[in-house]
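Read off the chains here:
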Amino acid sequence: MSAPIRVLLAKVGLDGHDRGVKVVARTLRDGGMDVVYTGLHRTPEEVVTAAVQEDVDILGVSLLSGVQMTVFPKIFALLKEKKVDDMIVVAGGVMPDEDVEKLKKMGVAEILLQDTPPQEIIDTLTGLVEARGAR
Amino acid sequence: MARRYVPSLELIGPASDGETWAVARLISRAEAGVPEAREAIGQIYKRAGRAHVIGITGVPGSGKSTLVGKLVQRLRDDGLRVAIVAIDPSSPYSGGSILGDRIRMSDLVLDPDVFIRSMATRGAVGGMAHAALDVVDILDLAGFDKIIIETVGVGQDEVEIAKSSHTTVVVSAPGLGDEIQAIKAGILEIADIHVVSKCDRSDANRTMTDLKMMLKDGIGSALTRGWLPPVLETSSLNEEGFEELVASLDKHLTSLDGPAGVERRAQISAFRLQKAAETLLLERLRQQANYGTQTRRVSDRATDPYAAATAIVDQFSRETTHV
Ligand code: B12
Ligand SMILES: Nc1nc2c(ncn2[C@@H]2O[C@H](COP(=O)(O)OP(=O)(O)O)[C@@H](O)[C@H]2O)c(=O)[nH]1
Ligand SMILES: [Mg+2]
């Protein structure tokens, strides 16, 4: 009996689109994961602080406002500053293909965009945690 | 990315220096019940016992998380370091959970002297209360002065957690039905302090009167030595009643300096020993050779659960007494 996967779901900045993140939260709960939700309008600093205290396996950021190229570098810098080197960072929402490539190079493990079926979200995150191994 | 696995014993040092990543990782291992962490958690237990542990319980929606947010702000004004363990129920269907207590505590997030951790009840037998109190020890080691545990107070395990605090606060709220909800949940009698929350609402008076009446009738009055549980009112919305709450918490803590405190601490230790014994025993019994066969026989109705359990325990005792 292993412990459920822990995920923190965050909305950063002025982005008020929260339908997607709520769908994902329920999907992951139904997939047997523990989901910490921090609500809308958080700063990268708040999100990373919470994720580190919660020691989640996965930090998931939902962005539909187009600011991904400024948010994710901040998140990685903050994780480093807080001495966390094994947190999996994933992204979801609406973003252009060119950004997806750049984000992957930056270290975002997976980017799941519009219309990703629930089971695929569960399987992708589970796969990432399994690939990481014990911590 | 290179990932380094840090053994639990090596996390104790940085955790006691207050390094968040180390505290957080130890908590994860305690929560998951990882056997590798047992020795470390044992060592931590021996060093802990300094913090004031406050349990806050009440039905969902009674305003606990919001109240904790305001209470902690008040404690921070006094310069105290505060940790919060916020427990929400797991889904009985999937075993997963959505832990949303943090949403109501967002003002505290960037304060380096506040640590918030969310936990799910998991619904597993025995294990949860055990883990939550290990988590409290880790936070104690990390130097937090006050450790607040928020639970919904339904289910044996959660009632036990609330009871295992030094001070237990039971929150009742107006607008959730005309009965005092805590009575139904059977948690009224564990209160050291009663709080009627949301006193900005016009129907709060009614809740206050109902509660006082019930206590007067002797329902749910804790007969802890020399302590009469006060009934306080708060409004998180208007930030009212928190001076009184803090004063009451302090007063209760002081009351534990005497024999009542000795008794309380002894009860908590006894409970923890019992939980540890249960967990260990269950683990060992499950490893018994006849556990699988007996499980099948119960399922076939070839035997009954009590007889099967007796057979397993008997064989276990025979084997252990012969070594
Ligand atoms: C509904 C909607 C709104 C609603 C939002 C309601 C709400 N509470 O969510 C309202 C009307 C309020 C709204 C307002 C605005 N919107 Co709007 N909106 C949409 C719309 C049509 C659908 C979004 C949606 O809910 N999808 C359904 C959910 C389920 O899908 P999802 O969020 O993509 O989530 C899925 C995946 O992305 C993934 N996922 C999402 N998050 C995460 C996180 C993790 C960790 C993982 C693993 C997966 C994951 O899983 C989900 C399920 O598959 C989109 C268009 C579109 N095609 O996306 C525009 C869109 C997002 N909006 C847009 C804009 C511009 C706005 C406004 C600025 C308009 C304005 N000028 O006022 C405002 C801004 C409001 C604000 N404060 O942010 C633009 C954004 C452009 C951009 N990013 O560059 C879009 C793309 C429309 C467009 N084509 O221009 N909007
Ligand atoms: N009017 C009023 N509403 C409150 C107060 N405190 C909390 N609430 C509301 O009660 C609801 C439940 O609050 P929450 O803190 O999440 O309760 P919990 O489930 O017991 O943790 C939320 O909608 C809050 O906004 C208060 O002091 N006054
Ligand atoms: Mg709550």
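Visitor: Explain the interface of chain A and chain B here, please?
Guide: Many authors give the size of an interface as the accessible area that is lost as the parts come together. Between chain A and chain B, the contact holds 32 residues from the first and 34 residues from the second. Contact with chain B buries area across many residues of chain A, yet Q53, D85 and R135 of chain A alone supply 22% of it, more than any other trio. Remark: the boundary between chain A and chain B carries five salt bridges. Counting the contacts that link chain A with chain B gives 20 residue pairs in polar contact (both at pLDDT 80 or more). Put simply, the parts of the chain that give the side of chain A that touches chain B at least two residues each are α1 (19-30), β2 (34-37) and α2 (44-54) of chain A. The element contributing the most residues to the side of chain A that touches chain B is α2 of chain A, with seven residues. When the residues that make up the side of chain A that touches chain B are grouped by side-chain class, the tally is 11 nonpolar, five polar and 16 charged. As paired elements, β2 of chain A and strand β3 (residues 97-99) of chain B share three bridges and run parallel to each other. From the neighbouring strand, D34 of chain A faces β3 of chain B, where its bridge partner is S97 of chain B.

Visitor: Honestly, the coordination of the cobalt atom of ligand 1 in this entry has me stumped. Any pointers?
Guide: Working reference: metal with six octahedral donors, ideal angles 90 or 180 degrees; metal with four tetrahedral donors, ideal angle 109.5 degrees. For the cobalt atom of ligand 1, the protein supplies a single donor, H17 of chain A (NE2), at a distance of 2.2 Å. Inspection of the secondary structure puts H17 of chain A in the loop between β1 (6-11) and α1.

Visitor: Help me understand the coordination of the magnesium ion (ligand 3), please; the structure alone is not making it clear to me.
Guide: Residue and element names in this part refer to chain B. Looking at the magnesium ion (ligand 3), the protein donor atoms are S65 (OG), D101 (OD) and E150 (OE), and they sit 2.1 to 2.2 Å from it. Every donor residue of the magnesium ion (ligand 3) comes from the same chain, spaced as S-x35-D-x48-E. Of this pair, S65 sits in helix α4 (residues 64-77) while E150 sits in strand β5 (residues 146-151), and the two are 85 residues apart along the sequence.

Visitor: Is there a simple way to explain the domain arrangement of chain B in this structure?
Guide: Residue and element names in this part refer to chain B. Domain annotation of chain B identifies domain 1 (1-47), domain 2 (48-256) and domain 3 (272-321). Between domain 1 and domain 2, the residue contacts involve 17 residues of the former and 15 residues of the latter. Summed over both partners, the interface of domain 1 with domain 2 buries about 1500 Å², with 68% contributed by carbon and sulfur atoms. Looking at the side of domain 1 facing domain 2, the largest losses of area belong to I27, E31 and I44, adding up to 42% of the total buried there. Remark: the boundary between domain 1 and domain 2 carries one salt bridge. Residues R117 and E31 are paired through a salt bridge, measuring 3.8 Å at the closest nitrogen-oxygen approach. For the pair domain 1 and domain 2, the interface holds four residue pairs in polar contact (both at pLDDT 80 or more). Sorting the residues of the side of domain 1 that touches domain 2 by element identifies α1 (8-16), α2 (20-32) and α3 (38-47) as the ones contributing at least two each. Ranked by residues supplied to the side of domain 1 that touches domain 2, first place goes to α2 with eight residues. A breakdown of the residues in the side of domain 1 that touches domain 2 according to their chemical character gives 10 nonpolar, four polar and three charged.

Visitor: Explanation requested: the sheet that holds β1 of chain A in the structure shown.
Guide: Hydrogen bonds along the backbone pair up the strands of a sheet, which may run parallel or antiparallel. With respect to topology, six strands assemble into an open sheet ordered β5(A)-β4(A)-β3(A)-β1(A)-β2(A)-β3(B), the strand pairing being parallel. In this open sheet, the two strands that pair with only one neighbour each are β5 (110-113) of chain A together with β3 of chain B. Strand-to-strand, the axes of this sheet are offset by a mean angle of 25 degrees, without reference to chain direction. When β1 of chain A meets strand β3 (residues 58-63) of chain A, the two strands line up parallel, connected through five bridges.

Visitor: Looking at this model, I keep getting lost on the site of ligand 1. Mind explaining?
Guide: Residue and element names in this part refer to chain A. Around ligand 1, the structure places 25 residues, and the nearest of them are G16, H17, D18, L64 and T116. At 3.1 Å, a backbone N or O of R19 approaches an oxygen atom of ligand 1. Within the contact set of ligand 1, a nitrogen atom lies 2.9 Å away from a side-chain nitrogen or oxygen of Q114. Considered class by class, the residues forming the shell around ligand 1 number 10 nonpolar, 11 polar and four charged.

Conventions and cut-offs
- Residues numbered from 1 in each chain as written.
- Chains lettered and ligands numbered in written order.
- Predicted model: local features only at pLDDT ≥ 70, side-chain atom pairs only at ≥ 80, totals over all residues.
- Heavy atoms only, no water.
- Contact = heavy atoms within 4.5 Å.
- Buried area = accessible area lost by both parts, 1.4 Å probe.
- Salt bridge = Lys/Arg side-chain N within 4 Å of Asp/Glu carboxyl O.
- Polar contact = N/O pair within 3.5 Å; in protein donor to acceptor, adjacent residues only side chain to side chain.
- Helix = DSSP H or I, 4+ residues; strand = E, 2+ residues; numbered from the N terminus.
- Nonpolar A, V, L, I, M, F, W, Y, C, P; charged D, E, K, R; others polar.
- Pairing = 2+ DSSP bridges.
- Donors = N, O, S within 2.8 Å, 3.2 Å for Na, K, Ca; no water.
- Domains from an automatic or database assignment.
- Axes fitted to C-alpha atoms, helices over the stretch in contact; angles between N-to-C directions.
- Near = heavy atom within 4 Å.

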